[in-house]
Number of protein chains: 2
Amino acid sequence: MFLHALRRQRIPLARWSPARFIATKNVISDPMTGELMPSTPDIQPHRVEILRNANPATPPPAHTLVFGHTFTDHMLAIPWDAVSGWGTPEIKPYGPLQLEPSSTVLHYAQTIFEGMKAYRAEDGKVSLFRPDMNMKRFNSSARRLALPTFNGEALLDLIKHLIRIDQHWVPKEPGHSLYVRPTLIGTQKAIGVGPPNEALLFVIMSPVGPYYASGFKPVSLYGTTEYVRAAPGGTGAYKLGVNYAPGVLPQKSVAALGYSQNLWLHGPEHELTEVGTMNMFVVFSKDDGTIELVTPPLDGMILPGVTRDSVLTLAREHVSGKKRLQGLPDKLIVSERTVTMKEVKAAVAAGQLVEMFGAGTAAVISPVDRIGYMGEDVLIPTGEDGMGQISRPVWVELIGRQWGTIPSEWSVPVTE
Amino acid sequence: MFLHALRRQRIPLARWSPARFIATKNVISDPMTGELMPSTPDIQPHRVEILRNANPATPPPAHTLVFGHTFTDHMLAIPWDAVSGWGTPEIKPYGPLQLEPSSTVLHYAQTIFEGMKAYRAEDGKVSLFRPDMNMKRFNSSARRLALPTFNGEALLDLIKHLIRIDQHWVPKEPGHSLYVRPTLIGTQKAIGVGPPNEALLFVIMSPVGPYYASGFKPVSLYGTTEYVRAAPGGTGAYKLGVNYAPGVLPQKSVAALGYSQNLWLHGPEHELTEVGTMNMFVVFSKDDGTIELVTPPLDGMILPGVTRDSVLTLAREHVSGKKRLQGLPDKLIVSERTVTMKEVKAAVAAGQLVEMFGAGTAAVISPVDRIGYMGEDVLIPTGEDGMGQISRPVWVELIGRQWGTIPSEWSVPVTE
């Protein structure tokens, strides 16, 4: 046919090789492959350029807020490219991004994000809750998608700077906070699948109300066997955009059946993994009166949630005696292990299922009262106000530490 | 704590309900859930508005083209929103999109795409290859992500219009073509996870050379057990952005080991599923001389590729006698069935593995000569020029139909 006319070989794969970077002066060894990689500048907070919003908005009344619909006056943006590394950080007016239609994020889902909250204490001071955990996970997500990594402390410095500039956007009302959303996208201007040679990190912020404003309304779950959120060898353990879009249709399906959220089950034994976009906990009682708090292990399918880790840590500090929590039982076991629907059903039948709840940044603690499973409803006990005997003391300590009424190292000051 | 101060209930879930749409005059029943949904305008090609590029570029010389780096003078854009449906289609100068930083595509990977090629025949006429298959799959992908669907013929009309306007960008050189990339993204300006209330469909086009310009250089594969491309209950059967970004790191890993592509294996039996971003075929010979052409079945993990379907159809038409292909054996069996690495290894050992190849729009047919698997290299036979006894006759027929040298219904005229 036409092969005789062709001389050169043109394989997109070649663009995936780091060889093109070797021209830069400083090279380091790729920790994963041993290949030489460029040593380019990291994020440099002191280089930040600030362009004030000439038309700042008035934060709307707290009671009108809808989650994630209102944004503050400013945003942070830090460009990256493979040759120059991280560029000049900019704090500038919140506004649209100009993206080439060929940008890889728009085609191949090269996006990772974080979700964290800034809280205003009663004395007016603003703090973040365990932001080091978010920075660590953000970098872990970046590595998984072959996006550029960065110094987490440097990014956190800039995020604090951004929050200080828009600090009047952190609501004063009880239970309200400023949701902070760091995002990193691949912006290579070419429709090949590979590590992008350009990327953009940006941070936007949205004042939000409490997830359950009228109290802890328990949610109903549908044990989903048709769809999966994650699988072994997949991306469930990272906070990637790709873990979210596919969950929308399953969510619509269970809503049509009258349930609130998917309970994502895995494998032939129907292991419980996560709830909607939250980690999950189940509490069992044993014959000898011992209480066991269980969450699935970080086996590659489970997101290492900050709230998940906080619940585990608080419960373990109670057990070890480092900090006893009022209301938590003395005989408490904290387990990261697999739980199957068979075990849940058996415990419910035996009256040994104490409670079940989701845990995440948005809702903090979200009690469960019902699981639709294989054609029947499995009823889960809940306390009078929705919370149960384990979740309530943990939640009280947790939000105390978040809002600063209970001093802890987890609360990181943003304003003086 | 603060619950006493709170009155309203504010659950993001509420936004996932279609109830908010009922205010529109015309409602239809959602085919999936039975719920009432708005009947809003579909894509209307006759309403297209055309803004010519005042500064058209000169298409670069064909030999300088790198896949997906050069774009034509114009693009197609069609906005959608939940209230108004599909808006006015625009053909306008290729240029950046303005996207709010809160756009859901940038956070939750709400993006689907298609890849198709426009070919220039020797008489200068331009055609598309089986574009109805792409339109069908595009809608299937949209449904999976709860993005808006549309009339595929209407979109195809507009794509043809776009190609006609930029028809001088369809390369004349042998083996070259114009790669057409329709993309649909969610653009809701709020960081909640749900079906977007706004979306943007756009089409960009890139002149490309042949994937293997110097002949059919066989590729080496690495049988990947650490990562998966897809899983049961996942999204592998749809052309979603989410299936691509997670494959970049595994690709880097195998490149560092000296292999070209991942061979994605599934389950404890190490079933072969796909190769890199291509479907795959294995050819076995049997003791009685029968040849079996095998590809994995469309079981939910496999992308229903247009090239995959074309290879199967051509082979089956040969078997049925509808159209015999010169060079294909008389005793041919065409199977969509599971193949395991155990079967592949046994066939290689017995001298009964005839060939193996990937199939996709970019490379068309991509022979395989080696699989790194569990610490050893499994050598796969290839023909003298890389192609084998099954792939060569199929490839000859396929590219004949693509470039119009072999007339067929698969070739759809774009220009007169």
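Here is what the cut-offs are and how they apply
Residues numbered from 1 in each chain as written. Chains lettered and ligands numbered in written order. Predicted model: local features only at pLDDT ≥ 70, side-chain atom pairs only at ≥ 80, totals over all residues. Heavy atoms only, no water. Phe/Tyr/Trp six-rings, centres within 6.5 Å; stacked < 30°, edge-to-face > 60°. Helix = DSSP H or I, 4+ residues; strand = E, 2+ residues; numbered from the N terminus. Buried < 20%, exposed > 50% of the residue type's maximum accessible area, 1.4 Å probe, protein only. Lys NZ or Arg CZ within 6 Å of the ring centre and 35° of its normal. UniProt positions renumbered as here; feature names shortened; annotations may be inferred. Contact = heavy atoms within 4.5 Å. Axes fitted to C-alpha atoms, helices over the stretch in contact; angles between N-to-C directions. Left-handed = near helix turned anticlockwise from the far one by under 90°. Nonpolar A, V, L, I, M, F, W, Y, C, P; charged D, E, K, R; others polar. Pairing = 2+ DSSP bridges. Right-handed = clockwise from strand over helix to strand, strands pointing away.

Asks: In this structure, what is going on with the packing of aromatic side chains? I would like to understand it.
Replies: Each pair of aromatic rings is reported with the distance of its centres and the angle of its planes. Taken as a whole and assessed by the stated rule, the structure comprises 22 aromatic pairs over all chains. Both rings, one in B:F71 and one in B:Y94, keep their centres 5.1 Å apart while their planes meet at 5°; by these two values the pair is stacked. On the criterion of sequence distance, the pair formed by B:F71 in the loop between β3 (49-50) and β4 (74-81) and B:Y94 in the loop between β6 (90-93) and β7 (97-99) is long-range, its members being 23 residues apart. For B:F71, a relative accessible area of 12% translates into the label buried. Through a chain of ring-to-ring contacts, three or more aromatic side chains come together here, namely A:W86, A:F138 and A:F150. It is A:R401 that lies over the ring of A:W410; its NZ or CZ is 4.7 Å from the centre. Over the ring of B:W410 we find B:R130, and its NZ or CZ is 4.1 Å from the ring centre.

Asks: Got a minute to help me understand the UniProt feature "modified residue: N6-(pyridoxal phosphate)lysine" (unreviewed entry) in chain A in this structure?
Replies: All names here are of chain A. If you check UniProt for "modified residue: N6-(pyridoxal phosphate)lysine" (unreviewed entry), the listed places come out as K239 in our numbering. Relative to the helices and strands, K239 is located in the loop between β13 (219-224) and α4 (248-256). Sequence-distant contacts of K239, that is, excluding residues within four places in its chain, are made with I112, F113, E114, G115, R137, S141, Y244 and L303.

Asks: What's the story with the packing of helix α5 (residues 306-320) of chain A against helix α7 (residues 391-403) of chain A in this structure? I'm lost.
Replies: When two helices pack together, their arrangement is captured by the angle between the axes and the distance separating the axes. Residue and element names in this part refer to chain A. Where α5 contacts α7, the two axes come as close as 10 Å, and the packing angle between them is 115°. For the element pair α5 and α7, the recorded crossing hand is right-handed. Between α5 and α7, the residues in contact are T307, S310, V311, L314 and E317 and V394, E397, L398 and R401, respectively. In the contact of α5 with α7, the residues fall into four nonpolar, two polar and three charged.

Asks: Mind showing me how you'd approach the pairing of strand β17 (residues 291-295) of chain B here?
Replies: Each regular strand shows side chains that alternate between the opposite faces of the sheet. All names here are of chain B. Judged by how many residues are buried, β17 sits mostly within the fold: five of five residues are covered. Residues I291, L293 and T295 line one face of β17 and the alternating positions E292 and V294 line the opposite face, and both faces are buried. Sheet topology places strand β16 (residues 279-285) next to β17; four bridges connect them, and they run antiparallel. If you follow S285 over to β17, its bridge partner there is I291. In textbook terms, the turn of a hairpin is the stretch between consecutive antiparallel strands, and for β16 and β17 this stretch comprises five residues, one of which, G289, has a positive phi near 90°. Two strands pair when backbone bridges link them, and β17 and strand β18 (residues 332-336) are joined in this way by five bridges, in the parallel orientation. Among the inter-strand pairings, I291 is bridged to a residue of β18, identified as L332. One crossover worth recording links β17 to the parallel β18 by way of helix α5 (residues 306-320), and it is right-handed.

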